[in-house]
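Next come the chains, spelled out residue by residue.
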Amino acid sequence: MSHFNDSAATWDTPQKIQMMKTLAKAAIQSLQPLLSSNDKLDIIDFGCGTGLFGLEFADFARTITGIDTSEGMLAVFEEKTNGEDHIQGLLLDLEQTDALKSVPANLRADLILSAMAFHHLKQPDLVLGRLASLLAPGGAVAIVDLDEEDGTFHPDNEGMGVKHFGFAKAAVEQWAYSQNLKLQHQIIYDLAKSDRTYPIFLAVVTQH
């Protein structure tokens, strides 16, 4: 987590802000059936970082809980939301053994978001199952991440904690299958970077 702790204070560059606003807008459009058919939602933002993605959903939220493994990122997240009693940060590594025992007993979500975080996980299928266990009835996990790429998206994969060069649709389908979950998958944006485009997918996962 040293990369994220060291980078937290200067993380919110204009480019990152715009990228996350764009991805959130695309995700909100695709999630309209869930966002428009409910009252205000209890939302978890997994891998929240400084909140660039998850806080774009504030208008739909009764509560927002930002989960991250980086104390530095959570500090910035909480600075942004200081005074907002319905928004809180939670330091938690869901890949750790018995991680769910550290989750507050009353923490349940109608919508769990995650943007550009799953490619940093060693065991994305395991984490998906643990996130799904936190869903309220009728809830969904919405993952936004890179489609499978050739490793050129990040300038320093090892230094930036990258564990996967994006994910093919078949890999995401296997996660859902292994956790007995339903999946809807679509490409929602083609991100231009360094004279290339990188497809970004939205995977919406629900209980059977």
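If you're wondering where the values come from, they're calculated on a predicted model, not measured in any experiment.

### Observations concerning the packing of aromatic side chains
Where two aromatic rings form a pair, the distance of their centres and the angle of their planes describe that pair. If you walk through the whole model with that rule in mind, you get 6 aromatic pairs. Ring geometry for phenylalanine 53 and phenylalanine 57: centres 5.4 Å apart, planes at 50°, overall tilted. Residue class for phenylalanine 53 comes out buried when judged on its relative accessible area of 4%. Every member of this aromatic cluster is reached through a ring pair, and the members are Phe46, Phe118, Phe167 and Trp175. Lysine 16 extends its terminal NZ or CZ atom over the ring of tryptophan 11, reaching a point 4.3 Å from the ring centre. Positioned above the aromatic ring of phenylalanine 153, the side-chain terminus of lysine 193 is 3.9 Å from the ring centre.

### Observations regarding the environment of leucine 135
Relative to the helices and strands, leucine 135 resides in strand β5 (residues 135-146). What makes leucine 135 buried here is its relative accessible area of 10%. Considered as a pair, leucine 135 and valine 172 are 37 residues apart in the sequence and their alpha carbons are 19 Å apart. Once you skip the residues sitting within four places of it in the chain, leucine 135 turns out to touch Arg108, Ala109, Asp110, Ile112, Ala140, Val141, Val205 and Gln207.

### A closer look at the environment of leucine 35
Turning to its location among the elements, leucine 35 is positioned in helix α3 (residues 32-36). When the C-alpha positions of leucine 35 and aspartate 59 are compared, they lie 9.9 Å apart, and in sequence the two are 24 residues distant. Contact partners of leucine 35, with chain neighbours within four places excluded, come to Ile28, Leu41, Phe57, Phe60 and Leu111.

### Considerations on unusual backbone geometry
Working note: non-glycine residues mostly have negative phi, and peptide bonds are mostly trans. With a phi close to 65°, aspartate 98 is a non-glycine residue in the positive phi region. Of note, aspartate 98 is situated in the loop between β3 (87-91) and β4 (109-115). What makes aspartate 98 partly exposed here is its relative accessible area of 45%. The backbone phi angle of serine 194 is positive, close to 55°, even though this residue is not glycine. On the accessibility criterion, serine 194 (61% relative accessible area) is exposed.

### Looking at the environment of alanine 24
Checked against the element boundaries, alanine 24 lands in helix α2 (residues 14-30). Residue classification places alanine 24 among the buried positions, given a relative accessible area of 0%. Through-space distance from the C-alpha of alanine 24 to that of glutamate 56 is 6.5 Å; in sequence the pair is 32 residues apart. If we ignore the near neighbours within four places in the chain, the residues touching alanine 24 are Phe53, Glu56 and Phe57.

### Let's talk about the sheet that holds strand β6 (residues 181-193)
With mixed pairing, the 7 strands of this open sheet are ordered in space as β3-β2-β1-β4-β5-β7-β6. The open sheet terminates on both sides in strands that have one partner only, identified here as β3 and β6. Each neighbouring strand pair of the sheet contributes to a mean axis angle of 20°, computed without reference to strand direction. When strand β2 (residues 61-68) meets β3, the two strands line up parallel, connected through 5 bridges. Among the inter-strand pairings, glycine 66 is bridged to a residue of β3, identified as glycine 89. The sheet contacts of α2 involve β4, β5, β6 and β7 (196-207), and relative to β6 the element is tilted by about 145°. Running at roughly 175° to β3, helix α4 (residues 71-80) makes contact with β2 and β3 of the sheet.

### Brief notes about the confidence of the model for the protein
Per-residue pLDDT for the protein averages 94, and the proportion of residues at 70 or more is 98%. Averaged pLDDT values over the elements of the protein bottom out at 71 in helix α1 (residues 2-7) and peak at 98 in strand β1 (residues 41-46).

### A short note on the side chain of aspartate 145
With respect to the secondary-structure elements, aspartate 145 resides in strand β5. Salt bridges are absent for the buried aspartate 145, whose nearest opposite-charge side chain, lysine 193, sits at 11 Å. Looking at aspartate 145, its side chain comes within polar contact range of the side chain of histidine 119, at 2.7 Å. Other than its neighbours up to four places away in sequence, aspartate 145 contacts Met116, Ala117, Phe118, His119, Phe167, Pro199, Ile200 and Phe201.

Here is what the cut-offs are and how they apply
- Residues numbered from 1 in each chain as written.
- Predicted model: local features only at pLDDT ≥ 70, side-chain atom pairs only at ≥ 80, totals over all residues.
- Heavy atoms only, no water.
- Phe/Tyr/Trp six-rings, centres within 6.5 Å; stacked < 30°, edge-to-face > 60°.
- Buried < 20%, exposed > 50% of the residue type's maximum accessible area, 1.4 Å probe, protein only.
- Lys NZ or Arg CZ within 6 Å of the ring centre and 35° of its normal.
- Helix = DSSP H or I, 4+ residues; strand = E, 2+ residues; numbered from the N terminus.
- Contact = heavy atoms within 4.5 Å.
- Pairing = 2+ DSSP bridges.
- Axes fitted to C-alpha atoms, helices over the stretch in contact; angles between N-to-C directions.
- pLDDT = per-residue confidence, 0-100.
- Lys, Arg positive; Asp, Glu negative; His and termini not counted.
- Salt bridge = Lys/Arg side-chain N within 4 Å of Asp/Glu carboxyl O.
- Polar contact = N/O pair within 3.5 Å; in protein donor to acceptor, adjacent residues only side chain to side chain.

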